[in-house]
Amino acid sequence: MNDDNKGKVSRRTFLKGLGGGAIGTAVISTGLVKSDSVEAYSPESSGGVGTRKTLNLKVNGKSYKVEVEHRSTLAEVLRDQLGLTGTKIGCDRGECGACTVMIGGRNMYSCSQLAVWMEGKEILTIEGLAKGDKLDPLQEAFIEYDGPQCGFCTSGQIMSGKALLLKNPQANEAQVRRGLSGNLCRCGNYNREVAAVLAVANKAR
Ligand code: FES
Ligand code: FES
């Protein structure tokens, strides 16, 4: 989120902004051109040098044709080329979890995955969780339990929580803590993040 806007939005608006609705704007601003269900990426707008490869990416149920540098990480492509900035980059070296997305149903650090490895894989980012105006129950729980403080780690926490609940819908507290253990929170808001995931798990019992 833009720092200038921090004071102007509610938690609900913020979480929604992390979720659906950002794609259309991003598509226009990054030079993506919509053509039926496949979106073509214009290499002129990518900048940079190096060996490139054209990939077919499936992100949040949409197909994209994207030209990437071989060295580009998935996090970079999601943010810089697809405009999906709900995925954050903190450490950029596989330590903090801010960049967590789901790949083939598993939570993974997108800063530690090369984009060229993603051909044919199903990628889910925070933007793919809400259905229109309806937030995912886990996003709702993060609002209810004050999961976000500064919010920088929130999308990663939610994606790890989501991956856990998909695998284990009735996870107990120890399992939730383990499931979120790869996601650091510099605000130290762990108890509330765990409570949010646990609340969704408790409803499934
Ligand atoms: S930015 Fe990927 S683990 Fe920190
Ligand atoms: S809420 Fe600030 S880093 Fe987690």
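Computed from a predicted model, the values in this text were never measured in an experiment. (Residues numbered from 1 in each chain as written. Chains lettered and ligands numbered in written order. Predicted model: local features only at pLDDT ≥ 70, side-chain atom pairs only at ≥ 80, totals over all residues. Heavy atoms only, no water.)

A. Up close: the overall build of the protein chain. When helices and strands are counted, the protein chain shows seven helices and seven strands. Listing each helix as α and each strand as β along the protein chain from the N terminus yields α-α-β-β-β-β-α-β-β-β-α-α-α-α. Buried residues in the protein chain amount to 44% of all 205 residues. Counted over contacts in the protein chain with a minimum sequence separation of 6, partners at least 24 positions apart contribute 60%. In the structure as shown, the protein chain presents an accessible area of about 10100 Å², 49% of it carried by carbon and sulfur atoms. (Helix = DSSP H or I, 4+ residues; strand = E, 2+ residues; numbered from the N terminus. Buried < 20%, exposed > 50% of the residue type's maximum accessible area, 1.4 Å probe, protein only. Contact = heavy atoms within 4.5 Å. Areas by Shrake-Rupley, 256 points an atom, 1.4 Å probe, with all protein chains shown as cover.)

B. Quick look at the packing of helix α4 (residues 137-144) against helix α7 (residues 190-203). For the pair α4 and α7, the least separation of the axes is 8 Å and the interaxial angle reads 135°. Considered as vectors, α4 and α7 are oriented oblique to each other. Note that α4 runs across α7; the crossing there is right-handed. Residues Pro137, Leu138, Ala141 and Phe142 of α4 touch α7, and the partners they reach there are Glu193, Ala196, Val197 and Val200. In terms of residue class, the contact of α4 with α7 is made up of seven nonpolar, no polar and one charged. (Axes fitted to C-alpha atoms, helices over the stretch in contact; angles between N-to-C directions. Parallel < 35°, antiparallel > 145°, perpendicular 65-115°, else oblique. Left-handed = near helix turned anticlockwise from the far one by under 90°. Nonpolar A, V, L, I, M, F, W, Y, C, P; charged D, E, K, R; others polar.)

C. Expanded view of the pairing of strand β5 (residues 100-103). Residues Thr100 and Met102 point to one face of β5 and Val101 and Ile103 to the other, with burial holding for every one of them. Pairing of β5 with strand β6 (residues 106-109), which is carried by four bridges, proceeds in the antiparallel orientation. Bridging across to β6, Val101 finds its partner in Met108. As consecutive antiparallel partners, β5 and β6 are separated by two residues, and within that stretch Gly104 has a phi angle of approximately 55°, a positive value. Of the pairings in the sheet, the one linking β5 to strand β7 (residues 122-124) comprises two bridges and is antiparallel in character. From the neighbouring strand, Ile103 faces β7, where its bridge partner is Ile123. (Pairing = 2+ DSSP bridges.)

D. Local environment of the pairing of strand β3 (residues 52-59). Bridging between β3 and strand β4 (residues 62-69) involves eight bridges; their strand directions are antiparallel. Within β4, the position partnered with Asn56 by the bridge is Lys65. Between the antiparallel neighbours β3 and β4 lie two residues, among them Asn60 with a positive phi of about 55°. Alignment of β3 against β7, held across two bridges, turns out to be parallel. Paired with Lys58 across the two strands is Glu122, which belongs to β7.

E. Main features of the confidence of the model for the protein chain. A residue-level look at the protein chain finds 76% of positions with pLDDT of 70 or above and a mean pLDDT of 84. Considering only residues more than four positions removed or in separate chains, one finds that residues 1-9, a stretch of pLDDT under 50, has five contacts. Low pLDDT (under 50) marks residues 13-48, which in the prediction has 69 contacts with non-local residues, meaning those over four places away or in another chain. (pLDDT = per-residue confidence, 0-100.)

F. Looking closely at unusual backbone geometry. Not every positive phi belongs to a glycine, and Asn60 is a case in point at roughly 55°. With respect to the helices and strands, Asn60 occurs in the loop between β3 and β4. A relative accessible area of 19% means that Asn60 is categorised as buried. For Asp146, which is not glycine, the phi torsion reads 55° and is therefore positive. Structurally, Asp146 is set in the loop between α4 and α5 (154-167).

G. Region of the structure containing α7. Look at α7: 20 Å from first C-alpha to last across 14 residues, which is about the 20 Å you get at 1.5 Å a residue. Residues of α7 that are buried include every one of Glu193, Val194, Ala196, Val197, Leu198, Ala199 and Ala201, and no others. (Expected span 1.5 Å × (residues − 1).)

H. Representation of the pattern of salt bridges. Scanning the entire structure with this criterion turns up seven salt bridges. As a salt-bridge pair, Arg52 and Glu69 come within 4.0 Å of each other at their nearest N and O atoms. With Arg52 in strand β3 and Glu69 in strand β4, this residue pair connects regions lying 17 residues apart in the sequence. For Arg52, a relative accessible area of 26% corresponds to the partly exposed category. You can call Glu69 buried: its relative accessible area is 8%. Residue Arg71 is joined to Glu69 by a salt bridge in which the shortest nitrogen-to-oxygen separation is 2.6 Å. Overall, Arg71 belongs to the exposed group, its relative accessible area being 59%. In this structure, a network of salt bridges that share partners links the residues Arg52, Glu67, Glu69 and Arg71. (Salt bridge = Lys/Arg side-chain N within 4 Å of Asp/Glu carboxyl O.)

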